[in-house]
Amino acid sequence: MRASEKAKIRQRRIAHTLLVVFSFSLMFLGKADFSALRHARMGASDFIAPFVDLVSAPIRGIETMAQGIRTVASLRAENVRLQAENSMLKRWRRRAEILESENRQLRSVAGAVSPDRRRPLTARAVTAPGGAFAHTVLVANGSEEGIEVGNPVVTADGLVGLVVDVGVTHARVLMISDINAQIPVILSSSSWPGVTVGNNGPHLSLRFLPDEAAPKAGELVLTSGHGGVLPAGVPVGRVDLVQDGKIRVRPAVDLRNLSYVSILVGGTEGIDRADLELGDYYTPLPETVEERLFEGVNAVGERQ
Amino acid sequence: MIRSGRFFQQAELESDWPFQFLVIIVGMVLAMVEGGLALWPVFYGATPMLSLIFLYWIALHHEKYVLLVTGFLIGLTSDILFSDLLGGRATAYIILLFAMNWRRQKLLQGDFRDIWVEFAVVVFGVVLFQLVAFSALNLAIPAVTPVLFQIGVTMILFPIGYVILSALSFAFNRIRVST
């Protein structure tokens, strides 16, 4: 073997070793959450997202076609169901108008702060969770549209998640089903506070509920507004199963079918978003204290 | 007069570089297709690893077109698109390519069943590596059902992918020979 070939082999071995070391250390660097790496990752996402969008166009087309076929097949039954639903919604609308007026009057009496500080911005979901290790979606709006880290993401049905990374043209949304998502919530009927935790699966688990709380299957779980990151009163899901002290929640939004979402822009003033972990903003009240209701907390979760 | 020396060596017209580059691009596109497939509710949270099928096939039959950096870049694309763990799949793919160098000759002497069984081990290995790294760094274990679903779907799709890739390779070779 010639000396030049030997040198080439040595160089290749060094390059391979460096690549393995770099790739391995990338996992730790990524987890250490360095700002530069975060920006690089979001820059790469900004670059890749249009290509993903292009590649997924035929896949989306096939899905639309399949949906169309399903819809045509069930058109008559769907029409009957929609008519019944429409009349029911009309009744609910009248009821909502009455409640809204009552709510406004009560707010003016109590002097509560209105949580309407946020502006909804519609964004298209470019990707969906494809792996079992993260439940995030890229949406086709970024800092150009005024999106910031910490903005809540919702649909008409309820909470989808929270913006965790913002690029120029795209943003990454951490979904409530992700293992790192911890949402401070309350039970709708009893107002007991708790935290929903994702597990990268289809359901969430409800934790840190006081012993006295007795959640029932079907009970609505709403955001509590603790910490002010998320607005209070947004549906997170419904209690699905209560067994052996474990409470399972089915998300209010069908996270498998996300085409468009609303990002609630604004309303994060005064919140330190440099290292946003929702769990950090929520401290369960101590077990020994008798008063565990929301005394001293206003509608947006601020302590008064 | 015989001219010798490095400046008179025959030009290397049959370079592997364009094919190596093409393999990287195709792998990255397949990783993006995985992202697209996630839009189907049936594959929500657990898309088949098409890029792994491609990487395994190409490393088995056309090893000279696969560099370590190929595995790294394809894996990194997947990581950027849908992983919490940047570098998790990239490292797993690099380890896969090392393992393939070691196992290739034996696999090529066997039949398709051996290749499929070995692929099942590879899928388990790649997912297990990610699972262990993820659990160690997050101190939490994700839901196992989507992980198993992903492994199962990838294994079922492997024969289809294998046949398609072999047919494409055959057609491509015929075009090359005829031109």
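Residues numbered from 1 in each chain as written. Chains lettered and ligands numbered in written order. Predicted model: local features only at pLDDT ≥ 70, side-chain atom pairs only at ≥ 80, totals over all residues. Heavy atoms only, no water.

Draft legend 1. Just the overall build of chain B, in detail. When you go through chain B residue by residue, the secondary structure sums to six helices and zero strands. Referenced to the eigenvectors of the C-alpha coordinate spread, the extents of chain B come out at roughly 75 × 30 × 30 Å. Considering chain B as a whole, with its 179 residues, one finds that 51% of them fall into the buried category. In chain B, the share of contacts with a sequence separation of at least 24, taken over all contacts with a separation of at least 6, comes to 72%. As displayed, chain B has an accessible area near 9300 Å², and 70% of this comes from carbon and sulfur atoms. When the 10 basic and 10 acidic side-chain charges of chain B are each reduced to a single mean position, those positions are 8 Å apart. (Helix = DSSP H or I, 4+ residues; strand = E, 2+ residues; numbered from the N terminus. Buried < 20%, exposed > 50% of the residue type's maximum accessible area, 1.4 Å probe, protein only. Contact = heavy atoms within 4.5 Å. Areas by Shrake-Rupley, 256 points an atom, 1.4 Å probe, with all protein chains shown as cover. Lys, Arg positive; Asp, Glu negative; His and termini not counted. Charge placed at Lys NZ, Arg CZ, Asp CG, Glu CD.)

Draft legend 2. Structural view of the pairing of strand 9 (residues 220-223) of chain A. Residue and element names in this part refer to chain A. As judged from the three bridges shared by strand 6 (residues 182-187) and strand 9, these two strands associate in the antiparallel manner. Among the inter-strand pairings, Val185 is bridged to a residue of strand 9, identified as Thr223. The sheet contact formed by strand 9 and strand 10 (residues 235-243) spans three bridges and is antiparallel. Opposite Leu222, over in strand 10, you have Pro235 as the bridge partner. (Pairing = 2+ DSSP bridges.)

Draft legend 3. A look at the packing of aromatic side chains. All names here are of chain B. In total, this model carries 14 aromatic pairs over all chains according to the counting rule given. Between Trp40 and Phe43, the ring centres sit 6.2 Å apart and the planes meet at 20°, which makes this aromatic pair stacked. Phe43 sits in the buried class, given a relative accessible area of 14%. Seen from their ring centres, Phe119 and Phe158 are 4.0 Å apart, and the 15° between their planes marks the pair as stacked. Placement of Phe119 in helix 5 (residues 112-138) and of Phe158 in helix 6 (residues 144-178) is noted, with a sequence separation of 39 residues between them. The same class applies to Phe119 and to Phe158, which are both buried. (Phe/Tyr/Trp six-rings, centres within 6.5 Å; stacked < 30°, edge-to-face > 60°.)

Draft legend 4. Main features of the interface of chain A and chain B. Between chain A and chain B, the contact holds 44 residues from the first and 49 residues from the second. When the area that chain A buries against chain B is broken down by residue, the three leading residues are A:Met27, A:Arg41 and A:Phe133, summing to 18%. For the pair chain A and chain B, the interface holds zero salt bridges. Taken together, the links from chain A to chain B amount to eight residue pairs in polar contact (both at pLDDT 80 or more). The greatest single-element share of the side of chain A that touches chain B, amounting to 13 residues, is contributed by helix 2 (residues 35-73) of chain A. For the side of chain A that touches chain B, the residue count by class is 24 nonpolar, 14 polar and six charged. (Buried area = accessible area lost by both parts, 1.4 Å probe. Salt bridge = Lys/Arg side-chain N within 4 Å of Asp/Glu carboxyl O. Polar contact = N/O pair within 3.5 Å; in protein donor to acceptor, adjacent residues only side chain to side chain. Nonpolar A, V, L, I, M, F, W, Y, C, P; charged D, E, K, R; others polar.)

Draft legend 5. Representation of the pattern of salt bridges. Residue and element names in this part refer to chain A. Here the structure, examined in full by the defined rule, presents 13 salt bridges over all chains. The salt bridge involving Arg124 is made with Asp53; its shortest N-O contact spans 2.7 Å. Here the residue Arg124 occupies a position in strand 1 (residues 119-124), and Asp53 occupies one in helix 2, the gap between them amounting to 71 residues. Overall, the relative accessible area of 25% leaves Arg124 in the partly exposed class. For Asp53, a relative accessible area of 19% gives the class buried. Residue Arg93 is joined to Glu97 by a salt bridge in which the shortest nitrogen-to-oxygen separation is 3.4 Å. Within this pair, Arg93 and its partner Glu97 are both found in helix 3 (residues 75-110), separated by four residues, close to a single helical turn. Accessibility expressed as a relative area gives 43% for Glu97, which makes it partly exposed. Connected through shared salt-bridge partners, Asp53, Arg60 and Arg124 make up one network.

Draft legend 6. Spatial organisation of the sheet that holds strand 10 of chain A. Residue and element names in this part refer to chain A. Spatial ordering of the closed barrel is given by 6-7-8-11-10-9, a layout of six strands whose pairing is antiparallel. Geometrically, the sheet is characterised by an average inter-axis angle of 40° between neighbouring strands, direction not taken into account. Relative to strand 11 (residues 246-251), strand 8 (residues 204-207) runs antiparallel, the two being bridged by three bridges. Bridged to Ser205 within strand 11 is Arg248. (Axes fitted to C-alpha atoms, helices over the stretch in contact; angles between N-to-C directions.)

Draft legend 7. Structural view of the pairing of strand 8 of chain A. All names here are of chain A. Only one face of strand 8 is covered, namely the face carrying Leu204 and Leu206; the face carrying Ser205 and Arg207 is uncovered. Inspection of the sheet shows strand 7 (residues 193-198) paired to strand 8 by four bridges, in the antiparallel sense. Looking at strand 8, one finds that Val197 is bridged to Ser205. Between strand 7 and strand 8, which pair antiparallel one after the other, the connecting turn spans five residues, and Asn200 there sits at a positive phi close to 60°.

Draft legend 8. Representation of unusual backbone geometry in the model. Residue and element names in this part refer to chain A. Although it is not a glycine, Ser191 sits at a positive phi angle of roughly 65°. Structurally, Ser191 can be placed in the loop between strand 6 and strand 7. Residue classification places Ser191 among the partly exposed positions, given a relative accessible area of 28%. In this structure, Asp244 takes a positive phi of about 50° despite not being glycine. Among the structural elements, Asp244 can be located in the loop between strand 10 and strand 11.

Draft legend 9. Just a nonpolar patch on the surface, in detail. On the surface, a nonpolar cluster with roughly 400 Å² of combined accessible area is contributed by B:Phe124, B:Ile141, B:Val144 and B:Leu148. With respect to the secondary-structure elements, B:Phe124 resides in helix 5. (Patch = residues over 30% accessible without salt bridge, like charges linked within 9 Å, V, L, I, M, F, W, Y side chains within 5 Å.)

Draft legend 10. Examining the nonpolar core more closely. In this structure, B:Leu52 and B:Tyr56 are the most contacted members of the largest nonpolar core, which totals 53 residues. When residues of this core are traced back to their parent elements, those giving at least two are helix 1 (3-32) and helix 2 of chain A together with helix 1 (17-37), helix 2 (50-61), helix 3 (68-82), helix 4 (88-109), helix 5 and helix 6 of chain B. Once you skip the residues sitting within four places of it in the chain, B:Tyr56 turns out to touch B:Leu96, B:Met100, B:Leu107, B:Ile115, B:Glu118, B:Phe119, B:Val122 and B:Phe158. A:Ala123, A:Val160, A:Leu162 and A:Val253 belong to the second largest nonpolar core, which has 39 residues in total. (Core = buried A, V, L, I, M, F, W, Y, C linked by side-chain atoms within 4.5 Å.)

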